[in-house]
Amino acid sequence: MSSWLGGLGLGLGQSLGQVGGSLASLTGEISNFTKDMLMEGTEEVEELPNARRKEVEAIHTILRSENERLKKLCTDLEEKHEASELQIKQQSMSYRNQLQQKEVEISHLKARQIALQDQLLKLQSAAQSVISGAGGVPATAASPSFSYGLSHHASAFHDDDMDFGDIISSQREINRLSNEVSRLESEVGHWRHIAQTSKAQRSDSSDQSEICKLQNIIKELKQNRSQDIDNHQHEMSVLQNAHQQKLTEITRRHREELSDYEEQIEELENLLQEGGSGIALTDHSKIHEMQKTIQVLQAEKVESTKKIEELEDKIKGINKKLSSAENDRSVLKKEQERLSVENRQLLEECESLKLECSKLQPYAAKQSDIVTEKERILPYSSSVEEEVFRLQQALSDAENEIKRLSNLNQEELQISLSKLNNEYEVIKSIAVRDMDLDSELCDLRRNLEAKEQELNQSITEKEILRAELEELDKQNQEATKHMILIKDQLSKQENEGDNVISKLKKDLNDEKKRVHQLENDKMNITKELDMQEEKLIQSELVLSDLHLTKQKLEDKVAALVDQLNKLHTKNLNIQKENSELQEHVKQKEEELSRVRDELIMQSLNRDSNSNFKDDLLNEREAEMRNLRQNLSEIKQLNENLRKVAFDLKMENEKLNLACENVRHQLEESVAGNSQISQEKNAIVEALKIEKEQLEAVLCQAQKRLLEEANKYEQTVEELSSACNLSISALQLDHEHLIKLNQEKDFEIAELKKNIKQMDTDHKETKKILSSSLEEQKQLTQLVNENEIFIEKLKERSSELQEELDKYTQVLRKNEILRQTIEEKDRSLGSMKEENNHLKEELERLREQQSRAAPVAEPKTLDSITELESEVNQLNILKDNLKEEIKHHQKVIEDQNQSKIQLLQSLQEQKKEMDEFRYQHEQMNATHTQLFLEKDEEIKNLQKTIEQIKTQLHEERQDVQTENSVIFQETKVRGLNIENGSEKHDLSKAETERLVKGIKERELEIKLLNEKNISLTKQIDQLSRDEVGKLTQIIQQKDLEIQALHARISTASYPQDVVYLQQQLQAYAMEREQVLAVLSEKTRENSHLKTEYHKMMDIVAAKETALNKLQDENKKLSTRFESSGQDMFRETVQNLSRIIREKDIEIDALSQKCQTLLTVLQTSNTENEVGGVNSNQFEELLQERDKLKQQVKKMEEWKQQVMTTVQNMQHESAQLQEELHQLQAQVLVDSDNNSKLQVNYTGLIHSYEQNETKLKNFGQELAQVQHSIGQLCNTKDLLLGKLDIISPQLSSGSSLSSQSAESLRTTKSDVLSESSKQEIEELRKSLKEKDATIRTLQENNHRLSEWIAASSELERKEQEQTDSEIKQLKEKQDILQKSLKEKDLLIKAKSDQLLSLNENFTNKVNENELLRQAVTNLKERTLILEMDICKLKGENEKIIESSRGKETEYQALQETNTKFSMMLREKEFECHSLKEKALAFEHLLKEKEQGKTGELNQLLNAVKSMQEKTVTFQQERDQVMLALKQKQLENTAIQNKVQHLRDKELRLNQELERLRNHLLESEDSYTREVLAAEDREAKLRKKVTVLEEKLVSSSNAMENASRQASLQVESLQEQLDVASKQRDETALQLSMSQEQVKQYVLSLSNLQMVLEHFQQEEKAMYSAELEKHKQLVAEWKKKAENLERKLVSLQERLDEANIALDSASRLTEQLDLKEEQIEELKKQNEVRQEMLDDVQKKLMNLVNSTEGKVDKVLMRNLFTGHFHTPKNQRHEVLRLMGSILGIRKEEMEQLLNEDQGGVTRWMTGWLGGGSKSVPNTPLRPNQQSLLNSSFSELFVKFLETESHPSIPPPKLSVHDMKPLDLPGRTKLDTSVPGNFKDTAESGSDRRTDVNPFLAPRSAAVPLINPAGLGPGGPGHLLLKPISDVLPTFTPLPVLPDNSARVVLEDLLKQ
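Anyway, here's the lowdown on the structure attached to this text.

Now for the overall build of the protein chain. Along the protein chain, the regular secondary structure elements total 30 helices and zero strands. Relative to its full complement of 1949 residues, the protein chain shows a buried share of 26%. Here the contacts in the protein chain between residues at least 6 apart in sequence split such that 89% fall between residues at least 24 apart. A total of about 131000 Å² of accessible surface is found on the protein chain, and carbon and sulfur atoms cover 56% of it.

Structure, rendered in structure tokens:
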């Protein structure tokens, strides 16, 4: 409880702290705002309009941001609160069932335990009454274990602080209780055995009555304790309820205040907007309004601050209560520890009592056998022992009660103290009884003193026991005093707690300040973030620079590759050179060998030239060496070059590999691009052809559209009249929707931000969860280890108990032996001696036992104490674990908060989903409109296309009777694209945008769905983790219910009647209030239900609209995406809808739970009064059970839904795979179709081109024929002309011959002038005729040539045409064949398409059928689930009732068995008593008769009968135990049978469901088979129709082929005519082709040359580029070197500048020093003049003062002598003698001769004073004992004398020499050892000392030192003062030393 309250308090503290902080920040900002406004109000009015408005706007933005932040905080807090309440209510229901089951088990175990306890107590009392020595140890051993079990049990049930794994703890408790039960059963068996062995000697009538009284007292104490606990828990629950009510009121007030603030802020915003839109003239009025609003805000701020202060006071009060509770708890813990210490002490005393009892037992046993009168004493001694045992029991009970009291408050402690006092009084009465018994025993001892003297020992031992009892009484009194002290300490601790509370308040204020600091830190962090963003930008710039450098490096790599190649070439050249050099070397060596041979030959011949040859040889050898060196160098170079080449090759290979990879990628990309381009080209061509066709279609469509447009205009005019009415309403709706859309967009943006934040929080919570889970695992491991350890300890304790039993048996044997020894020795004296001997032997035996083996009892006791200490350690560990668990609880609370935030994010995501759906619906609506318009246009175009196709291609109509969906879609897309490109560009862009938007939205929806799934999984995990938290609350509630039952059952005490009446009145008032609240809640609930039904109707309507829109979306999305995704979306949407409905149902149930909780609280209060409303309580419990069942049903339904979803996902995945396969097939078929169409269109196009070519050829033939006809006509004309011209020529020639002859005749005869003239004219005419003939001939030649050329051309043309016609014929045949093949292919493909379309439609139908079947199945499953839930609820009710009956039956059985056992035991006891009575009667008779032998026989018979009864009882017990085990096994088997029956029922239900499913699937399959048969029939019909169409088309083709053959024959005839002309033209073509070939050759040559030139240019360019790159690299290197040099030079420059600065400073200092030196020189000169004067004066003084004495000194000494006392005057005389230079011996002689004579002293002293004796150095051995007054005066005198009157002289810099301190020797003599050391060290250190700073003793020595010679200082003042002057040595005085120390140093002689 305390931990739960602590957690609540912490959570509330945190939340209220956040709210307080936010409110504080708001109020602070409002106050700042008001201050600024008031300050600015004092400014001038002229500056207001612009500057003031800006400031107001800035403040307004700040306020708005703060308001938004507060809104978010409030919403977060509200949602957290609601979510936590919902979770608690939902999860509490499921855990109450488990708790009830556990409570039933616990009650069974408790019943068993109580029964066993009763049996134990009975058996213990029986055993103790019978056995005097044997029963003590086991009883004492058993009782603490039992008490431990009880206390542990109680602590386990009442310490419900643990939050972690209550189910596990309850199971462990059950296991522990079962173990205790088994242990108690074993103890019961043991005690039974003991009781049965000693039934003959039992007499326990009075003992049982006392035991019963003690038990009744203990039960009353337990009941009182439980009542106190219940009261405490009830008070805690009342406090909780009050706290919750306060919290709700505070949150409500806070929300109201926030709403007011929001309204005010909205008003301010409106005012600002009006101010922004208004004119500057209205600014003043607005400012006034703003000031008014500011005043209002200030007033509200004051109110809010007051409220906040009230809230803070409340929080402080709550914190005080919590702190006081924690203080009480700590105090109780301390008291518990102290009581545990006292308990240990009491246990130790008990153990000592036990040991003494064990000592008493054997002596009591001895006494029983000695005298018959001991039989009288035995009951008294046994009663004493029983009383001791009772005391021990009372002590153990007191210990248990003390342990329990440590867990309760002070009041409970006081009550328990009063109870302890009562028990103490009972113990005192027992002690009084003991005293009476002792007195009776004393009387008996007096009577028995004559007979027995050994009883005195037992009496003394009993007196020791009495003393110990008195000590126990004293200890109890001390305990009471201790409790009083504890009370005082508690009061002190309360005062300390108040101080702690004040400290905590201070800490709260400090933490508020820290919060402000943290906000400032936040601002700083934001600034740092901006800085980091700037750094990021800079880093991006750096990255770009790096990219540039990378490019440069790549260029460098290219340059290196080129260099590699060059190096490779160089390497090859070098290798060649090497080989040449090697050959050259070989040649040289050969020549050398030859030369040597020759030299050897010559050496034989010539001995005289040997020297010359040697020189040559030496030269050759030198050359050889040089060559070898060169070779080795070249080899090294070669090796280096090879290495370099190898490295370069490796790099080159790497680069080549990279290049190859790049090339492969380029080739692949090029190949892919080429394929794509080819495909695109083919598509473009097909589209172009279709475009040409569609243009024609469009022309017709336009005409039709104009006609339809006129019709539509008429209809539109009619509709517009109707639409005008609804437009206004639609516009209003449209505007409203636009506003909503904008608001939703804003909300979506905010929610996205929240989602991002939640994602980050979620990641953090995941980490925390993982760490907490690991820690929990570790804790569970530790707990398991502890349990194992405890079990081991228990096993050890059982083993020790067994060993104890063994040792008791051994002790019994020893006692029997002792009894036999004592019976033999009868005399009293001998008995005493033997007793002493036996005691000694006993002690020896004990020591031996303790030495020999761990058999003795002390060791067992030690082990028990060790075990107790270990148990205490384990308790400490348990406390530590509890603290750790508390820490983990805090962590879990944090996780709860994060979980709540996740739930909020889920809700926000749901809202976003709704908004996205709404947007999606709007988009779909717009899309559907656009698509409908497009579909209408497409339908019109399709109609026109079909008409064109019917006119042009009958075959296409035959093929495309059935519409292929995908083929049409592709065409429609093409149409849409073309229309868009030509006419509707805007609509195309819009559709593309819409499609993209739809796809993006769908992707977002998918992502959100995935997020939802992941979040649901995480929520499930979190709910599983948080399951343990509610168990504690449930247990508390159950404990409260039990407490109420207990209160109802317990009778009210008469003392509390008045108090209860007052409570009744108060509770009646509260009840009336609660009933009023309940009535209001019921009204609200009914109102909410009506609203809920309305909302459900609206939701249903919206869902129908959504379903329609989704169907349209599906139709649209089938064009874009696969149908599998639609299936998945549909299932997800359905599931989300179902989940929403279930969430709504859960909310309703949670509201019901709240009302039930309020009713429960009221019923709690009423039940406290006295059980007034028990019926209501039962009804509430029933409703709780129902709610639990509903929750279970919901969980089962959820699991089933999850399984169905998974199945649907699997099915959708399979369907998607099938759809993908079908789509792949359809795509392949569509590709084939498109290719065939392209081929078909290409063939048609080629066919048309061939036709046009044929027409052109026909036209050309006609032209050629026409030209031939013209040529023939021209030919005929020319031939006619030639015929006309030829007769003229012949007549002319005959005439000419005749004329010649006539002329000749005339020449001879007559020569006249006229004839000459005529001849000339004829000649002229002949010439003209010849010219005309020549021209005609030339024309003829030309014509003939032209005709021949034309004929040749015609022949060539005819040949070409012949070949072309042949080719055309062949092409025609091929085309006809290909046409036939293509037609067949098209038919086959169309058949395949049709079949695929039919398959597709079948699949779609099947999918629809499957969907319908799925929906039917879902509905059926829902119905079945509802039935199952009902049946389960009924089953659970029956099971619960049966369980209750079983528990009752088991309890009755147990009571029956107990009663039967008791009856049997009583019967056995009666039988045994009867048998004993008979035996005694027989004995009496036999005594009378004197038959002792028969008596012995009867006794033996009785003993045998008793043994038989014992065996029978043991067998009976075993049989009973076996029966119980069998009963338990039977119950377990029955449970298993019931479980199996339930399983069988479930399996049968599943079988029925599967059968129904199979039947449905078979029905669906039969339907599909029938549909397939119908499709087959349709297909067969279609096939027959297609075959008929094929036959008709083949006939048409044959007719067409016949017509074509006729046309071909006619064309062939024409071609034959044209072939002749073509042959002539072919010759000319061949000539031209040859020329063309020549030209081609020349061109190729030119191209080769050009390419060569280009390669050369490229090589040149590359070489130049390489050179340039090398140059650039060199320049770069140079630049880098220069940069480095620059850097170094800059560094040097900086250093030089620094040096210059320092040099300038030094120069300035030097100038100053020189000036100082000049000044000092001047002063030196002045001082030297002064010194000269002083020297002169000194010389005069020396001359004048030789042999004189200072009068002042003598006067002072003389007067000082008389001032000193007479005892010390001789010391003064010694001092004076030492000053005047008189030796010690002389002084002593003078003093010895006349100590008191003044005249002798005076004469001697005056005579001695005239002598000038130098001062001797003082010795450090002798000490003076002067008085203080004289010594002080003397020191003062010396100081005045030693101070110099003249200042020390200043020396020049030139005379500064390192002084050797001439006064050092004197100092050394006069100063003690430590002084010497310091002076020496100082002199060693300070060799170069400034003489101005030297002490006077160092600067001017007064006594001539021994070391100074003629090389000493030259100046007079620096010389040592002569011995004539009466001077004192200046003493080096340390500042620490006083006058006394100085004197002591002086007087050491």
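Our next topic: a nonpolar patch on the surface. A surface patch of nonpolar side chains, about 270 Å² in accessible area, is lined by Val542, Leu543 and Leu546. Take leucine 546: it is sitting in helix α9 (residues 455-605).

Here the focus is a negative patch on the surface. A cluster of acidic residues, Glu337, Glu774, Glu775, Asp879, Glu883 and Glu884, forms a negative patch on the protein surface. Elements with a contribution of two residues or more to the negative patch: α10 (610-824) and α12 (857-952). Counting residues per element, the negative patch draws most heavily on α12, which supplies three residues. Mapped onto the elements, glutamate 775 comes out in helix α10. Under the relative-accessibility criterion, glutamate 775 is labelled partly exposed at 31%.

Applying the stated criterion across every chain yields a total of 21 salt bridges. Among the salt bridges present, the one from arginine 192 reaches aspartate 1517, with a minimum N-O distance of 3.2 Å. One end of the pair, arginine 192, is in helix α4 (residues 166-197); the other, aspartate 1517, is in helix α21 (residues 1492-1744), with 1325 residues separating them in the sequence. Grouping residues by exposure puts arginine 192 and aspartate 1517 together as buried. Between lysine 307 and glutamate 257 there is a salt bridge; the shortest N-O distance is 3.0 Å. Of this pair, lysine 307 sits in helix α6 (residues 283-370) while glutamate 257 sits in helix α5 (residues 205-277), and the two are 50 residues apart along the sequence. Glutamate 257 sits in the buried class, given a relative accessible area of 12%. When salt bridges with common partners are traced through the structure, they connect Arg192, Arg1516 and Asp1517 into a single cluster.

This paragraph deals with the nonpolar core. The tendency in soluble globular proteins is for nonpolar side chains to be buried as a group. In terms of nonpolar packing, the biggest core is built from 11 residues, these being Leu116, Leu120, Leu123, Ala126, Ala127, Val181, Leu184, Val188, Trp191, Ile194 and Ala195. At the level of secondary structure, the elements contributing two or more residues to this core comprise α2 (48-130) and α4. Looking at which element gives the most residues to this core, the answer is α4, with six residues. Once you skip the residues sitting within four places of it in the chain, leucine 116 turns out to touch Val181, Leu184, Glu185 and Val188. Within the second largest apolar cluster, eight residues are counted, among which are Leu1753, Leu1757, Val1772 and Leu1775.

About the cut-offs
Residues numbered from 1 in each chain as written. Predicted model: local features only at pLDDT ≥ 70, side-chain atom pairs only at ≥ 80, totals over all residues. Heavy atoms only, no water. Helix = DSSP H or I, 4+ residues; strand = E, 2+ residues; numbered from the N terminus. Buried < 20%, exposed > 50% of the residue type's maximum accessible area, 1.4 Å probe, protein only. Contact = heavy atoms within 4.5 Å. Areas by Shrake-Rupley, 256 points an atom, 1.4 Å probe, with all protein chains shown as cover. Patch = residues over 30% accessible without salt bridge, like charges linked within 9 Å, V, L, I, M, F, W, Y side chains within 5 Å. Salt bridge = Lys/Arg side-chain N within 4 Å of Asp/Glu carboxyl O. Lys, Arg positive; Asp, Glu negative; His and termini not counted. Charge placed at Lys NZ, Arg CZ, Asp CG, Glu CD. Core = buried A, V, L, I, M, F, W, Y, C linked by side-chain atoms within 4.5 Å.

Scope: geometric values only; no functional claims are made or implied.
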